[in-house]
Structures are given as structure tokens and as C-alpha cells.
Amino acid sequence: SGPSFDCKKASAKYENLICNDTELARLAREIADIYIKKRKMSQDPVGEKNKQISWIKYSRNSCLDKSCLVLAYKNRIIELTKENYDAKFEFSQHGP
């Protein structure tokens, strides 16, 4: 499946790169899916949204080529999933 945004409205260089590359489109969709789940589970959904907006503005949107986008997406996936793991680990250490 494609990215999480409408490619017909793509105008920025990073958007066109994502829309014209199946790997980037898959990573974009994966990020969107992970982010949505994380935000729903978060005790601070506004904070999660702000982190995602910041990542989009300062990391993803600054990329001008595929290698930069792949790295940005993979690093963000690690951040999002690591935070989930850390929260579960902390709960299991201190929870019931």
C-alpha cells in the first residue's frame, strides 16, 4: 500500500520521492501505523503528536534523497518502538 498521505497532492521533493518509491511508501505507511497505535496507547497523546510533528518538520522534511529518507524513517521506527518497549519493561519491573 502507499504512503499515509495523498500522492496526488504531493508537491515537496520528499513527498514525490516517497510517492515514487515502493520502499519509501511502505516505510511511510509503517511509521503512520506505529505512530497511530502509540498515540492511542499513550498517557500523553498531545506530547506524542508534538514529537511526531517535530520529527516530520526537522528530520523527514529536510531530506532531499532516498537514502536520507530511509535513514530518517528507520530511526523514527526504532524511536517509536523502543519507547514502547521501555514503557512495557518499566511497567513489568514495577507493575503487578
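What comes next concerns the included structure.

Conventions used here
- Throughout, residues of each chain are indexed from 1 in the direction in which the sequence is written.
- In keeping with the predicted nature of the model, local features appear solely for residues at pLDDT of at least 70, side-chain atom pairs appear and are counted solely at 80 or more, and the whole-chain, interface and lining totals rest on all residues.
- In computing side-chain values, all of the structure's heavy atoms are included and hydrogens and water are not.
- Going along the chain from the N terminus, every DSSP run of H or I of four or more residues is numbered as a helix, and every run of E of two or more is numbered as a strand.
- The rule is simple: take the accessible area with a 1.4 Å probe, protein chains only, and divide by the maximum for that residue type; under 20% is buried, over 50% is exposed, in between is partly exposed.
- The contact criterion used is simple: two residues touch if any of their non-hydrogen atoms lie within 4.5 Å.
- Whenever a pair of cysteine sulfur atoms sits within 2.5 Å, that pair is classed as a disulfide.
- For the purposes of this section, nonpolar cores are sets of buried Ala, Val, Leu, Ile, Met, Phe, Trp, Tyr and Cys residues that join through side-chain atoms within 4.5 Å.

Looking at the overall build of the chain
Here is step 1: Summing up its helical and strand segments, the chain has four helices and zero strands in all.
Here is step 2: Written out in order from the N terminus, the α and β elements of the chain read α-α-α-α.
Here is step 3: When each of the 96 residues of the chain is scored for burial, the buried share is 30%.
Here is step 4: The long-range share in the chain, meaning contacts at least 24 apart out of those at least 6 apart in sequence, stands at 61%.

A closer look at the state of the cysteines
Here is step 1: With the rule as written, the count across this model stands at two disulfides.
Here is step 2: Put simply, Cys 7 and Cys 19 are joined by a disulfide, and their sulfur atoms are 2.0 Å apart. Torsion about the S-S bond of the Cys 7 and Cys 19 cystine: about -95°, corresponding to left-handed handedness. One end of the pair, Cys 7, is in the segment before helix 1 (13–19); the other, Cys 19, is in helix 1, and twelve residues separate them in sequence.
Here is step 3: Paired by a disulfide, Cys 63 and Cys 68 hold their sulfur atoms 2.1 Å apart. Every disulfide takes its handedness from the sign of the S-S torsion; for Cys 63 and Cys 68 that torsion is -65°, giving left-handed.
Here is step 4: For Cys 63, a relative accessible area of 1% gives the class buried.
Here is step 5: The exposure class of Cys 68 is partly exposed, given its relative accessible area of 30%.
Here is step 6: Going through the chain in sequence order and numbering each bonded cysteine, the pairs you get are 1-2, 3-4.

With respect to the nonpolar core
Here is step 1: One finds Ile 18, Leu 24, Ile 31, Leu 69 and Tyr 73 to be the most contacted residues of the largest nonpolar core, which totals 16 residues.
Here is step 2: Listing elements by their share of this core, those giving two or more residues are helix 1, helix 2 (22–41) and helix 4 (66–94).
Here is step 3: Dropping the residues within four chain positions of it, Ile 31 is found in contact with Gln 52, Trp 55, Tyr 73, Arg 76, Ile 77 and Leu 80.

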